[in-house]
Structure formats: structure tokens, C-alpha cells
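Summary of the model geometry
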Amino acid sequence: MNPYLAGVSLGLLLLATFYIAGHGLGASGAVKQFTVAAVDEVAPAHTADNSFYAPYAGEDYSMWDNWIVFMFMGMVIGGFISGAVSDRLGFKIEKGPRIGNATRLLFALTGGVLFGIGSQLAKGCTSGAALSGMAALSASGFIAMLAIFGVGFIVSIFFKRLWK
Amino acid sequence: MGPLIPYGIINPEWTMPIIFLIGLGFGMILEQAGFSSSRKLVGTFFGYDFVVLKVFFTAAITAIIGIIFMDFFGLLDTSVIFVHSNFLNSTLVGGAIMGVGFLLGGFCPGTSVAAGSIGKVDALVFIGGLFIGVFIFGEFYGTFDGLFSGHYFDREKIYTLIGLDKGTFVFWLIIIALFAFAIAGFLESKVSNEALKPADVKYEGYGLEVLLLFAIAVTIAFMPGKSVNTFNELDESKVYQKSLNDAHRVSSEELAFNILHEVDDINIIDVRSEADFNQFHLPGAINIPYPEITKAQFAETFNNIMGKNILVSNGGVTAEKAWLIVTRMGFQHNYVLNGGLNKFINDIFYAPKPDPDVIKMEIHHQYRFRQRAAKVFKEGEAKKIVSDKKVEVPQKKQQPVQISGGC
């Protein structure tokens, strides 16, 4: 798909989301919901005690009351449909030519951990904080975007081997 | 006027199915854009494939332009749309950590979901990492929280932070994006390694689109302030029809019951003069004198999205007139105290004892309720009940709905 066409489609979808629901798109928020639900299942006393978990834990809170969980479900199915239509389904590890599978997966895990921590600090990820924030011209959206891509560029100097 | 769900135009029960469909579209677009490929995603950082830059900025600019025009034409109330408020330092540090994560992991959360859904193992591992990361953050929340506090953004706009006006800022943003796209195209064409070249690169043929975007940028730069009022004036005949039926009239008992029990989130608006209001008013009432009801600053008060407004005057005629005006202005959930304060006082405080021969239960119930209400009002209990509600005449805009964010 032409990237500009994809961009316009994504922009219109984001606009529609604001128009219908009053908020933007998001992904990392769902991971938070799942994580808290899991921790709450294992150690309910612990979640009640922790001010990060507590608002999303306990008997009277269900993650199914949170829209972001449904958006996540939609994304999984939407991505799958798109992959099926374009014949891209299949288990595969994608990596740079100079590294092995184990290295790739180790770095994927590390990247995920960092993104998990960073998204909680910045209250959102590339879609929730940066893209949706920018659409509403919010200062935090633009700063999140600059921080993510700016630091990404700096780090890329040291990790060329991973990808090229 | 939007947003549709917070404004009650779409039933909130439809939220989840609609959001699911939006997610479906989101996943499809990300996957179709090529975001299910980690090498494509990090390409932006190495200069061989700028798909992320192109999609991300095109999407942001499309949405920005859309929101600006919808706001201009009164289709979207931008004062209620949800934006995260956060500390500057948390955003910077969090963003920096995500930047490192992006380069090492090759994904961001949204793209990893799209990639994981088609079976990319590295994406699934990345998602596993996300869970661990959130868990670590949660466990050390006491340490993290407040660590990077400093300069709180309360939904501050980027253009006010920089000190530009909105139109000028968006104009330059579009110009910068156009340059960035041109440079990206140029760099991609310079990549020597054919294998790394994105398949769908096309460097020419965007002339018309660029011109159109430039025209939009200029329009936004010179766009005047909002010329139209954002309320939807109701058709005369509809107002007339509404005024004929009694649905908007509230009886003395209904109002008393609401004040005493707070059944609905009611807002009593006294439309008499300030002098009359100061002499006597119902507990919790706010004063917007009849000649001032059309002032813009009261628009949000009269357009009571979540609760009900009850308009009161001495005899009820002025309140009825005020109701006609605000209803004509398209504001919803306004009601009139039938018979006004005079009838209210007569009904509640001077309720005639019903004839003991009358056997109708309602009459006796009504009398007993009136007596109880009178007692509570006289003892000042009602004042205590409503004093906690802190109803004030808003000088500033108030947020009608708290929209929760996700990501």
C-alpha cells in the first residue's frame, strides 16, 4: 500500500475516532489492562495495595469496561484479516542479515520491556501519546513524538549491526 | 455536534462495538501499511525506508486538518476531546525509553499487535516484553512515580508552548512535513542496496497532492476565528410542538423530591433578577437573570449534557419564556418549574390538609410528602444536602464529560 494513502486512511480513522468517541487511538493501554488483570488474579491483596494497579483492580472493576481492550481485540483481528488477504500469514522471525534468531528475539524482548516501561511513564505509546496527542495539537503529543524518534535516531548509530 | 458518544448522540451502549470496529480498521491499516515488518519500521532510522515517517506524519496532519475544520464548522467540540495531561519530564524520559525500545525491538506496541496477528514471532516476543515492562513499572511504581515530575502540562497546546498562533503553527508543520517527505524520497532513491529499497517508492506524480496540501496550509494560516455558533438551532415548529406538551414541566413535588434525594443531577437555574434572587432562592440554585440567558458564557450551563436544568421564576411565565429561548437555541435537558416559586411555596409549605373522606391514596401520599419536605426545608437540611454540590455560576467553561484515555 502506498504509504501516503495509508497515512491518510490512518488520519481519517483517527479523526473518526475523535468525532465518535472523543478520544484517540491506543494500544499500550490494553497491555496495561491485561497486566493488571493478571496480577490481580494472582495476588489481589498486592494490587489493592499498589496505587498503580489499584484503580484497575478489585471486584468492582472489569477490564471489559475499558474501551481500549476492545480496540486491542479489533486490532488483532484486523491485522489478521489484512495479513490473510495479502497472503502474509505465517510464523516468521524477521531480522537484520547479520544477526541470528536468538539475538533478534532477545532484542525484541528487551525492546518490548523498554516500551512497556516508557509508555507508562509517558502515559501512552506511539499511537496513544504521540499520534493521538499530535492530532489534538497537544504539547505532550509533540514532545513524546520528538523524544521517541529523536532518541531512536541517536541509538541507531550504535546498533547498526542489528538491522543493516 | 460531536464527539457523538460523550454528547449522547450515540447511545453509550454502542461504545464497545464501535471501538472494536475502529480497532479492526486500525489493525488493517497498520498491517497494510507494511508495519507488520520490523525491518521496514526501523528503516526510517537508517534511511533505507521511510514508511514510518511517511505514514505517521501523513496521518497526524490529516487528523490535525480534519479536527481544525470540524471545529471551525461547529461539528466537533474540541474542548471535550481527551488528551493526556502529563509532566514534561515524564513525557521526555518515557519517550526516550520508548525510542531505545523502538530501535532494539523493531516495533512499537500498535505495530507489534498488527505484526503478531499475522504470526511474526519477533512481534509476539516483543508483546511479551511489553507485559513484563508494564509489570516492572507497576512493581516499582512508588519509585517511578514522581521521579520525573516537573512542568505539568494540563492539556497545554503545542502552539501556545512555542508561542505561535494555531494557524501559523499548522501552516509551518505542513510545510516541514512536505520537506521531510521530499528528503525521505531523495534519500530512499540514494540507497545503493536494491534489496533494501522499498517496493512502492514513487518519487514523482505527487504534484497535485502537494499543491492541495499547500493550499490547505495557507487556508489554515489565514483562517479567521470561528464565525458560526456551535449550537444547533432547533426548528420553530419543533419548539412549538415541544412547548405544547407538558413533558418539560416539573411539579413542585418533583422538584422537592429531586432536591432532597438528588435523584438526578439537577441544576436549578433561577432566571429572576439578582435582587429577587438575593432575597430568596431555592437551596443550590444558581442565578442567570432572564435578560442574560443568551450570553455565550452560559451556553454550557444551559446545554446540560449529563443532568437536568430546572428553570424557575416567580410565577413560572418568565421561566417558560427562558425555556422557549434555550430550547430554540438547541440546548437539551431544560425543564420549567410549573407554576413557579409561588406555587412551589404554596404547595410545599401551605399544603391544604386533604379531606379525610377522600380515599384516594395519591392525595394522602402527596400531602405527607409535602409536609415532610416542608419540615426538611425549614430545618435547613436541604441546604446542607446541596451545599456539598458546589453549584456555581460558571464563568469558565466546564468539562461536560470526563472522557477516559487509554494508551
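Our structure's up above, just so we're on the same page.
In what follows, the accompanying structure is described. Given the structure is predicted, the values throughout are model-derived calculations rather than measurements. Along every chain, residues carry numbers that run from 1 in the direction the sequence is written. Chains and ligands are labelled by the order in which they are written, letters from A for the one and numbers from 1 for the other. Given that the model is predicted, a residue must reach a pLDDT of at least 70 before its local features are reported, and side-chain atom pairs must reach 80 or more before they are shown or counted; all residues, however, enter totals for whole chains, interfaces and linings. Remark: hydrogens and water are excluded; side-chain values derive from all non-hydrogen atoms of the structure.

From N to C terminus, chain B includes 18 helices and seven strands. Every one of the 407 residues in chain B was classed for burial, and the buried ones make up 49%. By definition, residues are in contact when any of their heavy atoms lie within 4.5 Å. The contacts in chain B between residues at least 6 apart in sequence include a share of 69% that link residues at least 24 apart. Each accessible area is a Shrake-Rupley result for a 1.4 Å probe, and residues are judged covered by the shown protein chains and nothing else. As displayed, chain B has an accessible area near 19,800 Å², and 60% of this comes from carbon and sulfur atoms. We count a stretch as a helix when DSSP gives it H or I for four or more residues in a row; a strand needs E for two or more, and each element gets its number in order from the N terminus. The buried label goes to any residue with under 20% of its type's maximum accessible area, the exposed label to any with over 50%, and the partly exposed label to all in between, with areas taken from a 1.4 Å probe on protein chains only.

Our next topic: the overall build of chain A. Helix and strand counts for chain A come out as eight helices and zero strands. Put simply, chain A runs from its N terminus to its C terminus through helices and strands in the order α-α-α-α-α-α-α-α. Burial analysis of chain A (164 residues in total) assigns 57% to the buried set. Averaging the locations of the 10 positively and 8 negatively charged side chains of chain A gives two centres separated by 28 Å. Only four residue types enter the tally: Lys and Arg on the positive side, Asp and Glu on the negative side; His and the chain ends are excluded. The atoms used to mark charge sites are NZ of Lys, CZ of Arg, CG of Asp and CD of Glu.

Side chains of Val76, Ile77, Phe80, Ile81, Val85 and Leu89 of chain A together with Met28 of chain B sit close together on the surface and give an oily, nonpolar patch of about 560 Å² of accessible area. Relative to the helices and strands, Ile77 of chain A resides in helix α4 (residues 67-85). Given a relative accessible area of 39%, Ile77 of chain A falls into the partly exposed group. Each patch is built from residues that are more than 30% exposed by relative accessible area and take part in no salt bridge. Like charges join if they lie within 9 Å; nonpolar side chains (Val, Leu, Ile, Met, Phe, Trp, Tyr) join within 5 Å. A side-chain nitrogen of Lys or Arg and a carboxyl oxygen of Asp or Glu constitute a salt bridge if their distance falls within 4 Å.

All names here are of chain A. Tracing the sequence through the fold places Ile99 in the loop between α4 and α5 (101-121). Residue Ile99 is classed as buried on the basis of its relative accessible area of 9%. Considered as a pair, Ile99 and Ala37 are 62 residues apart in the sequence and their alpha carbons are 36 Å apart. Sequence-distant contacts of Ile99, defined by excluding residues within four places in its chain, comprise Arg104, Arg161 and Leu162.

Right, let's talk about helix α1 (residues 15-32) of chain B for a bit. Residue and element names in this part refer to chain B. Here a helix's expected span is defined as the number of its residues, less one, multiplied by 1.5 Å. For α1, spanning 18 residues, the distance from its first C-alpha to its last is 25 Å, which sits close to the expected 26 Å at 1.5 Å a residue. Here α1 lies mainly inside the structure; 13 of its 18 residues are buried. Backbone geometry just after α1 places Gly34 at a positive phi near 95°.

Time to look at the pairing of strand β4 (residues 266-270) of chain B. Residues and elements named next belong to chain B. The element β4 is largely enclosed, with a buried count of five among its five residues. Covered by surrounding structure in β4 are Ile266, Ile268 and Asp270 together with Asn267 and Ile269, the residues of both alternating faces. At least two bridges found by DSSP between two strands are what make those strands a pair. Relative to strand β6 (residues 308-312), β4 runs parallel, the two being bridged by five bridges. Bridge pairing in β6 links Asp270 to Val312. In this sheet, strand β5 (residues 286-287) lies alongside β4 in parallel orientation, the contact comprising two bridges. Residue pairing in the sheet places Asp270 in a bridge with Asn287 of β5.

Quick look at the nonpolar core now. What is meant by a nonpolar core is a set of buried Ala, Val, Leu, Ile, Met, Phe, Trp, Tyr and Cys residues, joined one to another through side-chain atoms within 4.5 Å. In this structure, Leu137 and Phe142 of chain A are the most contacted members of the largest nonpolar core, which totals 114 residues. Element by element, the count of residues in this core is highest for helix α3 (residues 51-72) of chain B, at 15 residues. Excluding residues that lie within four positions of it along the chain, Leu137 of chain A makes contacts with Phe142 of chain A together with Ile64, Ile68, Glu156, Lys157, Ile158, Tyr159, Lys166, Phe169 and Val170 of chain B. Ranked by size, the runner-up nonpolar core spans 21 residues in total, among them Val250, Ile259, Ile266 and Ala374 of chain B.

So, on to the interface of chain B and chain A. Contact with chain B, which involves 123 residues of that partner, is made by 116 residues of chain A. Here's the idea: put two parts together, see how much 1.4 Å probe accessible area each one loses, and the total over both is what we call buried area. Buried surface at the junction of chain B and chain A, both sides included, amounts to about 10,900 Å², of which 77% is carbon and sulfur. The tally of links from chain B across to chain A stands at three salt bridges. In this structure, Arg88 of chain A engages Glu31 of chain B in a salt bridge whose closest nitrogen and oxygen atoms are separated by 2.8 Å.

Residues and elements named next belong to chain A. For Asp87, which is not glycine, the phi dihedral falls at a positive 60°. Inspection of the secondary structure puts Asp87 in the loop between α4 and α5. Residue class for Asp87 comes out exposed when judged on its relative accessible area of 69%. You will see that Lys123, though not glycine, has its phi angle at about 55°, which is positive. Assignment of secondary structure puts Lys123 in the loop between α5 and α6 (126-135).

Pairing in this open sheet of five strands is parallel, and the strands run β3-β7-β6-β4-β5 (chain B) from one edge to the other. On the outer flanks of this sheet lie β3 (249-250) and β5 of chain B, each paired with one strand and no other.

Time to look at the pairing of strand β7 (residues 334-337) of chain B. All names here are of chain B. By the alternation rule, side chains of β7 split into Asn334 and Val336 and Tyr335 and Leu337, which are all buried. In the sheet, β3 pairs with β7 via two bridges, with the strands oriented parallel. Within the sheet, the bridge partner assigned to Arg249 lies in β7 and is Val336. For β6 and β7, the ladder comprises three bridges, and the chain directions are parallel. Paired with Ile310 across the two strands is Tyr335, which belongs to β7. You can see the chain leave β6, run along helix α15 (residues 317-328) and come back into β7, and the turn it takes is right-handed. Handedness is read with the strands pointing away from the viewer; a crossover is right-handed when the path from the first strand over the helix to the second is clockwise.

All right, on to the packing of aromatic side chains then. For Phe, Tyr and Trp, rings pair up if their centres lie within 6.5 Å, where Trp contributes its six-membered ring, and each pair is then called stacked (planes under 30 degrees apart), edge-to-face (over 60) or tilted (otherwise). If you walk through the whole model with that rule in mind, you get 25 aromatic pairs over all chains. An angle of 65° between the planes, with centres 6.1 Å apart, marks the rings of Phe115 of chain A and Phe102 of chain B as edge-to-face. With Phe115 of chain A in helix α5 and Phe102 of chain B in helix α4 (residues 88-105), this pair bridges two chains. Here Phe115 of chain A matches Phe102 of chain B in class, with each residue buried. Clustering of aromatic rings is evident, with ring pairs tying together Phe115, Phe149 and Phe153 of chain A together with Phe45, Phe56, Phe57, Phe102, Phe107 and Phe126 of chain B.

Turning next to the packing of helix α9 (residues 166-190) of chain B against helix α10 (residues 207-221) of chain B. Two quantities define a packed helix pair, namely the angle between the helix axes and the distance between the axes. Residue and element names in this part refer to chain B. It is at 7 Å that the axes of α9 and α10 come closest, and there the two elements cross at 160°. Relative to α10, the element α9 lies roughly antiparallel. Handedness of the α9/α10 crossing: left-handed. Counting all contacts with α9, which are made through Gly167, Thr168, Val170, Phe171, Ile174, Ile175 and Leu178, the residues of α10 involved are Val210, Leu213, Phe214, Ala217, Val218, Ile220 and Ala221. Inter-axis angles, ranging from 0 to 180 degrees, are taken between N-to-C directions of lines fitted to C-alpha atoms, where helices are fitted over the stretch in contact. By definition in this entry, angles of less than 35 degrees are roughly parallel, angles greater than 145 are roughly antiparallel, angles of 65 to 115 are roughly perpendicular, and the rest are oblique. Note on convention: the crossing is left-handed when the near helix lies turned anticlockwise from the far helix by less than a right angle, right-handed when the turn is clockwise.

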